[in-house]
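Next come the chains, spelled out residue by residue.
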Amino acid sequence: MSDRGHLEGEHFMSGDDACAEGAISAGCRFFAGYPITPATEIAERMSDRLPEVDGTYIQMEDELGSMAAVVGASCGGVKAMTATSGPGFSLMMENIGLGIMLETPCVVVNVQRAGPSTGLPTMVAQGDMMQARWGSHGCYSIIAVSPDSPQEVYDLTIKAFNLAERFRLPVLVMTDAAVGHMYEKVVIPPLSEIELVPRRRPNVPPEEYWPYMPDDDLVPPMANTGEGYRFHATGLTHDEQGYPEMTAEAQDRLVRRLVEKVERYRDEIIEVEEDSIEGSEVVVCTYGITARVAMIAVERARQEGIRVGMLRLITIWPFPQDRISEIARQVKAFVVPEINYGQISLEVERSAAGRAGTILVPHMGGDVHNPETILEAIRQAVK
Amino acid sequence: MNVIATTDETQEKHPLEDYLRVDRLPHIWCPGCGLGTILGAFLRSLLESGLPPDKVSVISGIGCTGRVAGYINLDSFHTTHGRAVAFATGLKLANPELKVVVFSGDGDLAAIGGNHLIHAGRRNIDMTILCVNNFNYGMTGGQFGPTTPETARSTTSRAGNIENPFNMPALAAASGAVYVARWTTAQVHQMQRSITEALLKKGFSFVEIISPCPTYYGRMNRQPTGLDQMRYYRSNSIVRHGANPNEVGVGISGQIVTGKFIDVERPYMPGPGNGDNGRQT
């Protein structure tokens, strides 16, 4: 890939702009989307930037079509993405499922706003975290990351493309209106310093190629359309040859693999940021914009003499349950602030499995938490 | 694996064998269904067109016609209900050297996928749509759909359909299609010629093929066998090239106007000079 169009250097830009630049750096050359606040700036920047790098921007008629076009484009051999917010994310669930079933690498960005339904279009929330995990029907595993700054939006968008190619599935970047519209310094390194994961290509001649015959790590190599492999791909339950197979045995074989190809590599995927967990009596566990708000509460609590640690989840799905389970053995409680009525807190509670308490600090959205509410929960936790 | 077709030395190879997944036969379609006829015509058109088969991709949605993609030995996709056109839009724009063919049913294309159909037509995306119209939802057991004629009976309109149906050539033409034709499965040669023309046309080409569904639509509307429906097509179809698409609506009885209605030029997407999009090689 040439450096042409790569915006190396220091920039002052929004999270949404950083997302578009991360995609361009990662080699994304196809964007299909539908305008929606607060994700529109990603589409706008992609419509400017993609033609500069011989890529394609298409504004679809809705988010159903956007996601279908992204899966189609990736099957055509091009790194592809879309960006949306809650109402569009709901519509994309259908073809996120197709991407999972066809094992199509792609990236979906959700700049979360407050719902349900139309909700508060311009204002922040983190209410789609469980939808990211379970929103499409059926049983599968997914990968989702959650950045807390424009710089991290840039970095994690690249990481999302790498994970998508590595594991052959849609990867979700779960950001929010606050991070998306926040302007900060973003450092874009030289292209030569960015590690990119290429598509895993078939290593057999076309007549021997079975599109869903996995390698040892459960991920099948991927032929692109038009290369002579003449493969068939279907959203029906299928065998390794890609042919529909309507049996419980085929369903078991396929769905187990779709789940385990992610779950087996949890350690490779999961990324968290830890601060003073050793020796703490309470740990604040949160993600995205709420992690930045929570740091204010954590610092005040430390001034009060409370031994409080911070666990910031960068990877949300698969959930960092093993680390939380470990920490649960040494702390009294986890304090989990999030801009919803309790989603990730349920996972923390499950992972802690009764060894430590879980105190949810819910906030319904529209703005971020008042740090005072988080501080009060920290105080309660050590009582 | 249950291999029906054989190619031992005493037997001549079927000319379409290279383009069918013979290890997947027999197909799932009912006796009397028109889909086998249409699939055969499409494959002969593909040969006739001279398009390099490795650069042709077939995309289907859901339903009886949705199963076509699975029997064709090309890069083929059986996608979600209604989204075949949107998927094909992404595939074509990402990889412009492909010839992209959407092969799907009237319910998939005109009801749940109607929005994608009209917008792909509006953009004049360079793709061919083969719309198999059997006037009902066959796969789910014969419910009325967006093309079911008024008064026709179905499993969800037992007293007769009260809705006004879409006239598919008019819908395609109004959306911006540069090639619009309609045939019945009783007009195989004309159908085949039209599909070849559509495959070679630059831009959004649309061929509606009226096809029997004796199991449901026919049985519930006094044409209980495939042969009955074919006889009806033969006696009632008239060829009127250049007919105004707005005047070719199909009722429960009476004439079926067939022919090539539209064949014009208009700028299409992706245009000449579209980049390679940095394809992963």
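Quick note: structure is the one above.
Quick summary incoming for the structure in this document. Just so it is clear, the model here is predicted, and its values are computed rather than measured. (Residues numbered from 1 in each chain as written. Chains lettered and ligands numbered in written order. Predicted model: local features only at pLDDT ≥ 70, side-chain atom pairs only at ≥ 80, totals over all residues. Heavy atoms only, no water.)

### Topic: the packing of helix H1 (residues 15-26) of chain A against helix H6 (residues 150-167) of chain A
Residues and elements named next belong to chain A.
Next up, step 1: Interaxial distance between H1 and H6 falls to 7 Å at its minimum, and their mutual angle equals 35°. Judged by the sense of rotation from one axis to the other, the crossing of H1 with H6 is right-handed. Counted together, Gly-15, Ala-18, Cys-19, Glu-21, Gly-22, Ala-23, Ser-25 and Ala-26 of H1 and Pro-150, Val-153, Tyr-154, Thr-157, Ile-158 and Phe-161 of H6 form the full contact between these two elements.
Next up, step 2: Residues of the contact of H1 with H6, tallied by class, amount to nine nonpolar, four polar and one charged. (Axes fitted to C-alpha atoms, helices over the stretch in contact; angles between N-to-C directions. Helix = DSSP H or I, 4+ residues; strand = E, 2+ residues; numbered from the N terminus. Left-handed = near helix turned anticlockwise from the far one by under 90°. Contact = heavy atoms within 4.5 Å. Nonpolar A, V, L, I, M, F, W, Y, C, P; charged D, E, K, R; others polar.)

### Points about the nonpolar core
Next up, step 1: With 91 residues, the main nonpolar core has Phe-30, Ile-96 and Phe-334 of chain A together with Phe-87 of chain B as its most contacted residues.
Next up, step 2: When residues of this core are assigned to domains, at least three fall in each of domain 1 (3-193) and domain 2 (273-381) of chain A.
Next up, step 3: The next biggest cluster of nonpolar side chains, apart from the first, holds 52 residues, and it includes Ala-160, Ile-188, Leu-191 and Ile-194 of chain A. (Core = buried A, V, L, I, M, F, W, Y, C linked by side-chain atoms within 4.5 Å. Buried < 20%, exposed > 50% of the residue type's maximum accessible area, 1.4 Å probe, protein only. Domains from an automatic or database assignment.)

### Some details on the interface of chain B and chain A
Next up, step 1: The interface of chain B with chain A comprises 45 residues on the first partner and 46 residues on the second.
Next up, step 2: Buried area between chain B and chain A, summed over both chains or domains, comes out near 3,600 Å², and the portion from carbon and sulfur atoms is 54%.
Next up, step 3: Remark: the boundary between chain B and chain A carries three salt bridges.
Next up, step 4: With a shortest N-O distance of 2.6 Å, Glu-94 of chain A and Arg-83 of chain B are connected by a salt bridge.
Next up, step 5: One can count 27 residue pairs in polar contact (both at pLDDT 80 or more) joining chain B with chain A.
Next up, step 6: Residue assignment for the side of chain B that touches chain A shows that the elements contributing at least two residues are strand E2 (75-78), helix H2 (84-94) and helix H4 (114-123) of chain B. (Buried area = accessible area lost by both parts, 1.4 Å probe. Salt bridge = Lys/Arg side-chain N within 4 Å of Asp/Glu carboxyl O. Polar contact = N/O pair within 3.5 Å; in protein donor to acceptor, adjacent residues only side chain to side chain.)

### Thoughts on the layout of surface pockets
All names here are of chain A.
Next up, step 1: Quantified by volume, the largest pocket comes out at close to 490 Å³.
Next up, step 2: Taken together, 22 residues line the largest pocket, and the ones lying closest to its centre are Gly-97, Leu-98, Met-101, His-137 and Gly-235.
Next up, step 3: Top element by residues in the lining of the largest pocket is helix H4 (residues 86-102). It accounts for five residues.
Next up, step 4: Split by residue class, the lining of the largest pocket holds nine nonpolar, 12 polar and one charged. (1 Å grid on protein atoms, 1.4 Å probe; cavity = no way out; pocket = protein on both sides within 12 Å on 5 of 7 lines; lining within 4 Å. Points joined across faces, edges and corners; volume = space filled by probe spheres on them.)

### Considering the packing of aromatic side chains
Residues and elements named next belong to chain B.
Next up, step 1: One pass over the structure, following the stated rule, counts 11 aromatic pairs over all chains.
Next up, step 2: Geometrically, the ring pair formed by Trp-29 and Tyr-71 is edge-to-face, given 5.1 Å between the ring centres and 75° between the ring planes. Residue Trp-29 is found in the segment before helix H1 (35-49), and its partner Tyr-71 is found in the loop between strand E1 (56-60) and E2; the two are separated by 42 residues along the sequence. (Phe/Tyr/Trp six-rings, centres within 6.5 Å; stacked < 30°, edge-to-face > 60°.)

### Remarks on unusual backbone geometry
Across the chain, the bulk of peptide bonds are trans and the bulk of non-glycine residues have phi less than zero.
Next up, step 1: The linkage connecting Leu-25 of chain B with the following residue, Pro-26 of chain B, adopts the cis geometry, with an omega of 5°.
Next up, step 2: Note that Pro-26 of chain B resides in the segment before H1.
Next up, step 3: The phi angle at Ser-117 of chain A is positive, at roughly 55°, despite the residue not being glycine.
Next up, step 4: Tracing the backbone shows Ser-117 of chain A in the loop between strand E5 (106-114) and strand E6 (120-124).
Next up, step 5: Unusually for a residue other than glycine, Asn-124 of chain B sits at a positive phi of about 55°.
Next up, step 6: For Asn-124 of chain B, the position within the fold is in the loop between H4 and strand E4 (127-133).

### Describing the side chain of Ser-141 of chain A
Residue and element names in this part refer to chain A.
Next up, step 1: Relative to the assigned elements, Ser-141 resides in the loop between helix H5 (129-134) and strand E7 (143-145).
Next up, step 2: A distance of 2.6 Å separates the side chain of Ser-141 from the side chain of Glu-263, its partner in a polar contact.
Next up, step 3: Excluding anything up to four places from it in sequence, Ser-141 contacts Arg-133, Leu-169, Leu-258, Val-259, Val-262 and Glu-263.

### Here's the deal with the packing of helix H11 (residues 321-328) of chain A against helix H12 (residues 344-352) of chain A
Helices that pack against each other are described as a pair by the angle of their axes relative to one another and the distance between those axes.
All names here are of chain A.
Next up, step 1: It is at 8 Å that the axes of H11 and H12 come closest, and there the two elements cross at 60°. One way to sum up the angle between H11 and H12 is to call them oblique. Where H11 crosses over H12, the handedness of that crossing is right-handed. Contact residues: H11 offers Gln-321, Ile-324, Ser-325 and Ala-328, while H12 offers Val-348, Arg-350, Ser-351 and Ala-352.
Next up, step 2: The residue makeup of the contact of H11 with H12, split by class, is four nonpolar, three polar and one charged. (Parallel < 35°, antiparallel > 145°, perpendicular 65-115°, else oblique.)

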